[in-house]
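# Fold and geometry: a report
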Amino acid sequence: KGDSVPEKWIGGLDDQLEYRFGPSDNVVRLVTNNTFVHTPIWNVITTIPGETDEKVVVSNHRDAWVLGAADPNSGSTVLLEVAKGFGELLKKGWKPKRTIIFGSWSGEE
């Protein structure tokens, strides 16, 4: 019913369906087969105390469902490099105005 989507949006099923904006009268029945388990996760958190009670949080997640290593690891690389830079400043006696909290989250997705 809706207008056609831009050509860049067309996926790999273009020979089987038309990609359009909604609305639609179609009904989809989706069945999933998931196994739910409880497993431990590990969050890594550290703090650089500041001069005030104000806080800045710098964080990223380490897990991924879809994009693999490209999703979390690009952010994790930046997080580690920023933390490394602050570590060098701390060695020289620098102290931040605000408390800085670094967090590396497992299980974000």
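Look a little higher up for the structure.
One structure accompanies this document, and this report is about it. Counting from 1, residues in each chain are numbered in the order their sequence is written. Reporting in this predicted model follows two pLDDT cut-offs: at least 70 for local features of residues, and 80 or more for side-chain atom pairs to be given and counted; totals over whole chains, interfaces and linings ignore these cut-offs and use all residues. Working from all heavy atoms in the structure, the side-chain values ignore hydrogens and water.

Let us look at the overall build of the protein. Where helices and strands are cited, they refer to DSSP runs of H or I of at least four residues and of E of at least two residues respectively, numbered from the N terminus. The secondary structure content of the protein amounts to one helix and three strands. Ordered by position in the sequence, the α and β elements of the protein form the string β-β-α-β. With C-alpha atoms as the basis for the radius of gyration, the globule rule is written as 2.2 Å multiplied by the number of residues raised to the power 0.38. Over its C-alpha atoms the protein spans a radius of gyration of 22 Å, topping by over 25% the 13 Å that the globule rule assigns to 109 residues. For each residue, the accessible area found with a 1.4 Å probe, counting protein chains only, is set against the maximum for its type, and the residue is called buried under 20%, exposed over 50%, and partly exposed in between. In the protein, buried positions account for 17% of the 109 residues. Only the protein chains shown count as cover for residues, with accessible areas throughout obtained via the Shrake-Rupley method and a probe of 1.4 Å. As displayed, the protein has an accessible area near 9200 Å², and 55% of this comes from carbon and sulfur atoms. When charges are counted, Lys and Arg contribute as positive and Asp and Glu as negative, whereas His and the chain ends are disregarded. In this description, the location of a charge corresponds to atom NZ of lysine, CZ of arginine, CG of aspartate or CD of glutamate. Computed over 12 positive and 15 negative side-chain charges, the separation of the two mean positions in the protein equals 10 Å.

Residue position: Arg62 is located in the loop between β2 (55-61) and α1 (70-91). Overall, Arg62 belongs to the partly exposed group, its relative accessible area being 32%. Taking the C-alpha atoms as reference points, Arg62 and Asn43, separated by 19 residues in sequence, lie 9.3 Å from one another. Setting aside chain neighbours within four positions, we find Arg62 in contact with Trp42, Val44, Pro72, Ser76, Ser104, Trp105 and Ser106. Two N or O atoms count as a polar contact when they lie within 3.5 Å, although within protein this holds only if one can serve as hydrogen donor and the other as acceptor, and sequence-adjacent residues are included solely when both atoms are side-chain atoms. Among the polar contacts made by the side chain of Arg62, one reaches the main-chain carbonyl oxygen of Trp42 at a distance of 2.4 Å. By definition, residues are in contact when any of their heavy atoms lie within 4.5 Å.

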